[in-house]
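Structural description and commentary
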Number of protein chains: 2
Amino acid sequence: MALDERKLKILQAIITDYIATAEPVGSRTIAKKYDLGISSATIRNEMSDLEEMGFIIQPHASSGRIPSDLGYRLYVDKILRRQKLGDEDKKIVNTMINRNVNQIQYLMDETARLISKMTNYTAIFSEPVVKNTKINKIRFMSLNDTDLMIILAAEGNVIRNKIVSVNYMPDEDTLYKLSTVVTDLMHGIIIENIGQDIVDKLYSELNGYDEIASLIMSFIDELSKSSGMGKLHFSGTNNILAFPEFSDVEKAKSLFKTLEKTDSLTNLLSDNKGGDLQIYIGNETGIEEMKDCSIVTTTYEFGDNITGTIGILGPTRMDYSQVVSVLSSMVENIEGVLNNLEDKKKDDS
Amino acid sequence: MALDERKLKILQAIITDYIATAEPVGSRTIAKKYDLGISSATIRNEMSDLEEMGFIIQPHASSGRIPSDLGYRLYVDKILRRQKLGDEDKKIVNTMINRNVNQIQYLMDETARLISKMTNYTAIFSEPVVKNTKINKIRFMSLNDTDLMIILAAEGNVIRNKIVSVNYMPDEDTLYKLSTVVTDLMHGIIIENIGQDIVDKLYSELNGYDEIASLIMSFIDELSKSSGMGKLHFSGTNNILAFPEFSDVEKAKSLFKTLEKTDSLTNLLSDNKGGDLQIYIGNETGIEEMKDCSIVTTTYEFGDNITGTIGILGPTRMDYSQVVSVLSSMVENIEGVLNNLEDKKKDDS
DNA sequence: GTTAGCACTCACCTTAACCGAGTGCTAATT
DNA sequence: AATTAGCACTCGGTTAAGGTGAGTGCTAAC
């Protein structure tokens, strides 16, 4: 059985309608609302074929059809056309994105909030993975007799800090000198790539300050061990409650729980190894509780390193064309901002 | 009509039962489950009195009774006896609270998570209000040609930082010197109390670096303007979905929305001006969407200044005795840890 | 190949009957 | 005078039956 033009059109109609209404779509509805020039009976026959081919499903023996995961997949792969964001939306994005964005963290937060607002789905992003980025500077700051704060600035203004306890606290000037020494040693090196040679140099250059050297190293170890992907942040999780798919509290609860234990989600997100945007439909997510959800992910990068993933979570019947266009223009925007940061840095060095 | 011993006992039975079951309580249930030595008929008469007095309510003309806000209020004021946390719980608290708590932020996060886990309600805390605290140190750190990070450490290891853009970036050594000058000038001063005299001194001592002086001042302004109360953080909001009170998704959604716009909640929390723990029952919260909720709040403090509020949000039928004991021992613990930090600082100066 | 027509299915809604937990009242008991 | 037993009554919630309508599959005509 061939998947001809007409069948595709009918499938598209079913998906479009189902995205809008979340109700099974019947043959008469299609005949009336979509001007295909064929009668409901013909559509019924075609639908019967589409069902046999696995693209649509009949939830109850005599109800309309809903798209199957496979149907969405076909739609996304063959039918979906990426459309650019409208001018008005673009304006909103630009004004929102250009405030208070010196630090990537804020930029991403803001972006996620914006995405969830524009789409009414849930936005997910992973913190920039710091271990792949180059160290810019390291500074020390004594807080009192025993507490020392180590501040690490990586490329792109990614800041990490840690407060540690020390037995012996050098005076301020010494700390400053130590920090310039450490910075000279480590500037430009990717955190993950710090090897034994650097460690050795560190200990010899920080001669007499072994304690501090070892604290630096354990901080850096901590950063480079950090699980391949940064912590996940969510925005607009409450939108989930608005989906009819989750009008049953139990289902919503179980999804929320799944979002809380982020590990499986982290795996999913880290699947996207840079490059294009990726779509997981229903069971393709590999997460039982998300069989009625889809996730669209993409990565954002700056400098030479992939830094993080950003995605949108919604019901399988999400408006893929909107989601795809919002997500891709968002990333374009973020990367624009980030590359500005980068450029500034290059001028610097 | 007098509120005698027996009526109190019946009220307590109703509340206890309702807390456990979330179902209206009938006279026979009480007669059977609670050994009051009187028949259901007598209990019925007494319940009729209690209803007249406003302590209980009959949701439907012929169902059992549920406690009214007033009833809970009486219970909380007269009957509730504060019990100490059990030994086992105490152990959990201690082990959890003693890791990774150098920075108040983490300590509070951890505490909130713990509270929501122990009670199955939602924990809320406000960030330490930085504007009432004394400045410890200020440091600068250049990130590149144009981006400068200002780091402010206040007492109790409260850290705030901001990245700003500058037109002219002094070299590292100069920045360091400037930061010691600024620190000398501002150390020990409460952020909010920085007046014109200090501003004048700042500009004169930072002669030639007006841009940096003004950036510092706008950062400090920002901190001291921050709305009387720090940002709110939540933990265990998903627990709300488990309350039968919110098995209707619409209700849950509206409560979540209310939690999102934090302003009214912030007001409520800031009501507690230090001292003892406060309980808001149902409409006492003054928030329409929370008429079926209660909030128990308390403040944590260290040094000489009140720093933040922490609270528990649950249905009006929450287990007040558990909540009260968990909350008060938590605060005891936090303050223990915080005062250790303080002591260290005192040794320092 | 397409369409009109028709019998059939089945989720969903409405209505009615029923059940049971609970009450209020009255009369008997202590 | 207080307590209790007994009883009629109320009313939310559950179940069962019937009706409705959107939708289907199939057949026969175009």
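Keep in mind that what you see is a predicted model, and the values were worked out from it rather than measured.

1. Some words on the packing of helix α8 (residues 196-205) of chain B against helix α9 (residues 210-225) of chain B
All names here are of chain B. Close contact between α8 and α9 brings their axes to 9 Å; oriented N to C, the two are set at 150°. With respect to each other, α8 and α9 are oriented roughly antiparallel. In this structure, the crossing between α8 and α9 has a hand that is right-handed. Here α8 contributes V199, L202 and Y203 to the contact with α9, which in turn contributes D210, A213, S214, I216 and M217. Classifying every residue of the contact of α8 with α9 by side-chain character gives six nonpolar, one polar and one charged.

2. Remarks on the environment of A:I220
Residues and elements named next belong to chain A. Here I220 is to be found in helix α9 (residues 210-225). Sequence separation between I220 and C293 is 73 residues; the distance between their C-alpha atoms is 37 Å. Not counting residues within four places of it along the chain, the set of residues in contact with I220 comprises I135, L152, M186, I191 and I194.

3. Details of the relation of the copies chain B and chain A
The pair of chain copies shares a relation made of a rotation about an axis and a shift along it. With an RMSD of 0.1 Å, the operation that places chain B on chain A is a rotation of 180° combined with a shift of 0.1 Å along the axis. On the angle and the small slide along the axis, the relation comes out as a two-fold axis. Distance from the rotation axis, computed per C-alpha, reaches its smallest value in chain B at B:V249: 3.1 Å.

4. Some remarks on the sheet that holds strand β5 (residues 147-154) of chain A
All names here are of chain A. The strand order across the open sheet formed by three strands is β4-β5-β6, and the pairing between neighbours is antiparallel. Whereas interior strands pair on both sides, the edge strands pair on one side only; in this sheet they are β4 (135-142) and β6 (158-165). Ignoring which end each strand starts from, the neighbouring axes of this sheet average 15° apart. With seven bridges connecting them, β4 and β5 associate as antiparallel partners. Residue F140 lies in a different strand from β5, and its bridge partner there is I150. Here helix α7 (residues 172-186) sits on the sheet and contacts β4 and β5; the angle it forms with β4, its principal contact strand, is near 165°.

5. A few points about the pattern of salt bridges
Counting across every chain of the model gives 30 salt bridges over all chains. Put simply, B:E127 and B:R160 hold a salt bridge, and the shortest N to O gap is 3.9 Å. Of the two residues, B:E127 sits in the loop between β3 (122-126) and β4 (135-142) while B:R160 sits in strand β6 (residues 158-165), which places them 33 residues apart along the sequence. An identical accessibility class is assigned to B:E127 and B:R160; each is buried. Here B:E245 and B:R317 are joined by a salt bridge, their closest N and O atoms 2.5 Å apart. In this pair, B:E245 sits in the loop between β7 (232-235) and α10 (249-260) while B:R317 sits in the loop between β10 (305-315) and α12 (320-348), placing the two residues 72 residues apart along the sequence. Exposure class is identical for B:E245 and B:R317. Each is buried. Each of A:R6, A:K7, A:E46 and A:D49 takes part in a single network of salt bridges with overlapping partners.

6. Description of the nonpolar core
With 202 residues, the main nonpolar core has A:F140, A:M186, B:F140 and B:M186 as its most contacted residues. Among all residues touching B:F140, those that are not within four sequence positions of it are B:L148, B:M149, B:I150, B:L175, B:L178, B:S179, B:V182, B:I212 and B:I216.

7. Regarding the protein's contact with DNA strand D
Near DNA strand D there are 19 residues, and of these A:S27, B:R6, B:S39, B:T42 and B:S62 occur at the shortest range. A share of 77% is what sugar and phosphate atoms reach among the atoms of DNA strand D within 4 Å of the protein. Within the side chain of A:R44, an N or O atom sits 3.2 Å from a base nitrogen of DNA strand D. Interatomic distance of 3.2 Å between a side-chain N/O atom of B:R44 and a base oxygen of DNA strand D. Within the residue set of the surface near DNA strand D, elements represented by two or more residues are α2 (27-33) and α3 (40-52) of chain A together with α3 (40-53) of chain B. No other element matches the four residues that α3(B) contributes to the surface near DNA strand D. Residues of the surface near DNA strand D, tallied by class, amount to four nonpolar, eleven polar and four charged.

8. Some points on the interface of chain B and chain A
In this assembly, 40 residues from chain B lie in contact with 40 residues from chain A. Together, the buried faces of chain B and chain A total about 3700 Å²; carbon and sulfur atoms form 53% of this surface. The interface formed by chain B and chain A contains four salt bridges. Note that A:K137 is salt-bridged to B:E172, the shortest N-O span being 2.6 Å. Here chain B is connected to chain A by 14 residue pairs in polar contact (both at pLDDT 80 or more). Looking at the side of chain B that touches chain A element by element, the count peaks at six residues for β4(B). For the side of chain B that touches chain A, the class distribution of residues is 17 nonpolar, eleven polar and twelve charged.

Reading the values: rules and limits
- Residues numbered from 1 in each chain as written.
- Chains lettered and ligands numbered in written order.
- Predicted model: local features only at pLDDT ≥ 70, side-chain atom pairs only at ≥ 80, totals over all residues.
- Heavy atoms only, no water.
- Axes fitted to C-alpha atoms, helices over the stretch in contact; angles between N-to-C directions.
- Helix = DSSP H or I, 4+ residues; strand = E, 2+ residues; numbered from the N terminus.
- Parallel < 35°, antiparallel > 145°, perpendicular 65-115°, else oblique.
- Left-handed = near helix turned anticlockwise from the far one by under 90°.
- Contact = heavy atoms within 4.5 Å.
- Nonpolar A, V, L, I, M, F, W, Y, C, P; charged D, E, K, R; others polar.
- Least-squares fit on C-alpha atoms with pLDDT ≥ 70 in both.
- Pairing = 2+ DSSP bridges.
- Salt bridge = Lys/Arg side-chain N within 4 Å of Asp/Glu carboxyl O.
- Buried < 20%, exposed > 50% of the residue type's maximum accessible area, 1.4 Å probe, protein only.
- Core = buried A, V, L, I, M, F, W, Y, C linked by side-chain atoms within 4.5 Å.
- Near = heavy atom within 4 Å.
- Polar contact = N/O pair within 3.5 Å; in protein donor to acceptor, adjacent residues only side chain to side chain.
- Buried area = accessible area lost by both parts, 1.4 Å probe.

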